Amino acid sequence: MKGRKLLMIPGPIEFEPEVLRVLGAQTTSHVALNFITAFGNCIRNMRKVWQSNDGQPFIVSGSGTLAMDMAASNLIENGDNALVISTGYFGKRYKDILERYGANVTILEALPGNTVTIEKIEEALKNKTYKLLTFTHVDTSTGVFVNPKPIAGLAKKYNVLSILDGVCSVAGEEIKQEEWGLDIVLTASQKAIGVPPGLALLVVSLKAMTVWEQRKTLVSNYYCDWQNWLPVMKAYEEGKPSYFGTPPVNLIFALEKSLEIIVTEGIEERVKRHQNIAAAFRKAITSLGLKLLPINNSIAANTLSAIYYPEDVNGGDFCTKMAANDIIVAGGLLPELKTTYFRVGHMGSVSTKDMIATLSAIESVLNTTSFKFKLGDGLKTFQQEVSSVH
Ligand code: PMP
């Protein structure tokens with residue numbers, strides 16, 4: 001591994017060398033023509049990746065939490081009702097954010113490893129009038145995947161704005177923002193989009209922009225207010241200079257490069273690559289006798305896997321030994337189960353070779369414990385699975 005460790009956490013991920021090269025270039029002016037062109041290209045390619053012809057993209061300095069904050073602060077007015085569908089840590093974070101802006105939040109919480117049923121969501125929507133609902137496409141704390149299409153359909157039926165936290169899914173899982181009728185799909189740069197941390201990225205539907213335009217009160221977050229950012233996004237798209245807050249020039253060039261790589265691969269092909277790698281990895285993990293946190297494969301994410309440690313295996317030791325084997329994985333995140341599982345990210349530039357290196361390290365580390373399994377079974381299963389796809 002040429003003297004460095006492989007970063008297999010669910011973000012930040014391993015970045016493409018071309019993206020990192022662009023990031024290291026001399027910084028130019030944020031009103032230079034080549035920068036304006038790059039920004040415009042990012043906006044246009046975001047629409048392709050999100051599959052939203054009419055949506056308004058926003059590219060702002062910040063992390064995924066800022067993207068969540070921006071959606072909430074621009075749409076919520078004091079006293080509005082909001083419904084949060086939570087599949088883990090990040091659903092609960094959305095509740096906190098919405099409440100900061102004065103929303104009355106109802107939260108539907110799934111048991112760890114499970115989702116909230118569509119019937120429960122419909123029942124909640126029937127019982128109360130909501131301005132918006134939020135849900136997490138892939139909750140990075142549990143590895144649970146939620147199918148956005150039926151929830152977006154319900155939101156339309158009950159005339160509720162839908163916000164998809166796609167921080168751990170955009171450019172890794174299938175998203176058809178316009179066709180499915182999602183009002184906001186938000187993400188951050190450091191995951192499947194493939195750019196080092198620092199960019200909050202959102203695409204907002206025309207309907208959500210109209211709801212924002214019709215606000216009766218000022219947006220109470222100055223930095224997030226679309227009033228400040230919309231003219232900048234429009235100007236850059238039209239090839240004109242603009243300014244509100246200094247944009248992260250190098251990150252924008254890196255985003256331009258990464259989006260170009262994504263669009264060249266083709267979004268459908270990219271999603272399929274994620275699905276194939278994830279399915280083979282899950283099969284390999286279960287063939288070793290390990291258990292995944294999602295209760296079944298139909299709700300298991302394709303961008304990361306959350307895996308329980310076997311009994312008698314110390315989590316802290318496991319991750320340290322993985323690092324000594326040159327593979328960095330993440331520990332648990334959900335407070336109630338934190339010490340019982342670990343997480344492997346497999347998104348963006350991820351290849352079958354990365355997964356083979358990861359599985360090999362998992363087997364080597366387990367082999368130093370009292371856990372009983374057949375050395376090589378996981379690797380064999382993975383290789384059989386991926387070769388059966390090609
Ligand atoms: N939502 C989800 C699903 C996430 O995975 C994360 C980050 N892991 C966030 C929101 C918050 O993003 P950030 O850490 O970039 O603020």
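The rules behind the values
Residues numbered from 1 in each chain as written. Predicted model: local features only at pLDDT ≥ 70, side-chain atom pairs only at ≥ 80, totals over all residues. Heavy atoms only, no water. Helix = DSSP H or I, 4+ residues; strand = E, 2+ residues; numbered from the N terminus. Contact = heavy atoms within 4.5 Å. Pairing = 2+ DSSP bridges. Axes fitted to C-alpha atoms, helices over the stretch in contact; angles between N-to-C directions. Core = buried A, V, L, I, M, F, W, Y, C linked by side-chain atoms within 4.5 Å. Buried < 20%, exposed > 50% of the residue type's maximum accessible area, 1.4 Å probe, protein only. Domains from an automatic or database assignment. Buried area = accessible area lost by both parts, 1.4 Å probe. Salt bridge = Lys/Arg side-chain N within 4 Å of Asp/Glu carboxyl O. Nonpolar A, V, L, I, M, F, W, Y, C, P; charged D, E, K, R; others polar.

(A) Seen up close, the environment of Thr28. Tracing the chain through its elements places Thr28 in the loop between α1 (17–23) and α2 (33–50). Thr28 sits 221 residues away from Val249 along the chain, and the two C-alpha atoms are 7.1 Å apart. When neighbours within four sequence positions are excluded, Thr28 is seen to be in contact with Asn34, Phe35, Val249 and Phe253.

(B) Representation of the sheet that holds strand β9 (residues 184–188) within the structure. Here seven strands make up an open sheet; going across it, the order is β2-β10-β9-β8-β5-β3-β4 and the pairing mixed. Both outer strands of the open sheet, β2 (56–61) and β4 (104–109), are each paired with one neighbouring strand and no more. When the angles between neighbouring strand axes are averaged without regard to direction, this sheet yields 15°. Summarising the sheet, strand β3 (residues 81–86) and strand β5 (residues 132–136) pair through four bridges and their orientation is parallel. When the bridges of β5 are listed, Leu83 appears paired with Leu133. Contacting β2, β5, β8 (161–165), β9 and β10 (199–204), helix α3 (residues 64–75) crosses the sheet at an angle of about 150° to β9.

(C) Up close: the nonpolar core. Counting 98 residues, the largest nonpolar core has Phe58, Ile59, Leu98, Ile184, Leu186 and Ile193 as the members making the most contacts within it. Counting residues domain by domain, this core receives three or more from each of domain 1 (6–11 + 267–388) and domain 2 (17–265). The contact partners of Ile184, leaving out residues within four places of it in the chain, are Ala71, Leu75, Ser162, Ile163, Leu164, Gln177, Leu202, Val203, Val204, Ala208 and Trp226. With 32 residues, the next largest nonpolar core counts Ile277, Tyr309, Val350 and Phe382 among its residues.

(D) Inspection of the domain arrangement of the protein chain at higher detail. Split by domain assignment, the protein chain resolves into domain 1 (6–11 + 267–388) and domain 2 (17–265). On the domain 2 side, the residues contacting the 28 residues of domain 1 number 29 residues. Summed over the three residues of domain 1 that lose the most area to domain 2, namely Ile267, Arg270 and Ile299, the buried surface amounts to 26% of that side. Along the contact surface separating domain 1 from domain 2 lie two salt bridges. Of the charged contacts in the structure, one is a salt bridge between Arg270 and Glu265, with a shortest N-O distance of 3.1 Å. No other element matches helix α11 (residues 267–287), which puts six residues into the side of domain 1 that touches domain 2. Across the side of domain 1 that touches domain 2, the residue classes tally to 17 nonpolar, six polar and five charged.

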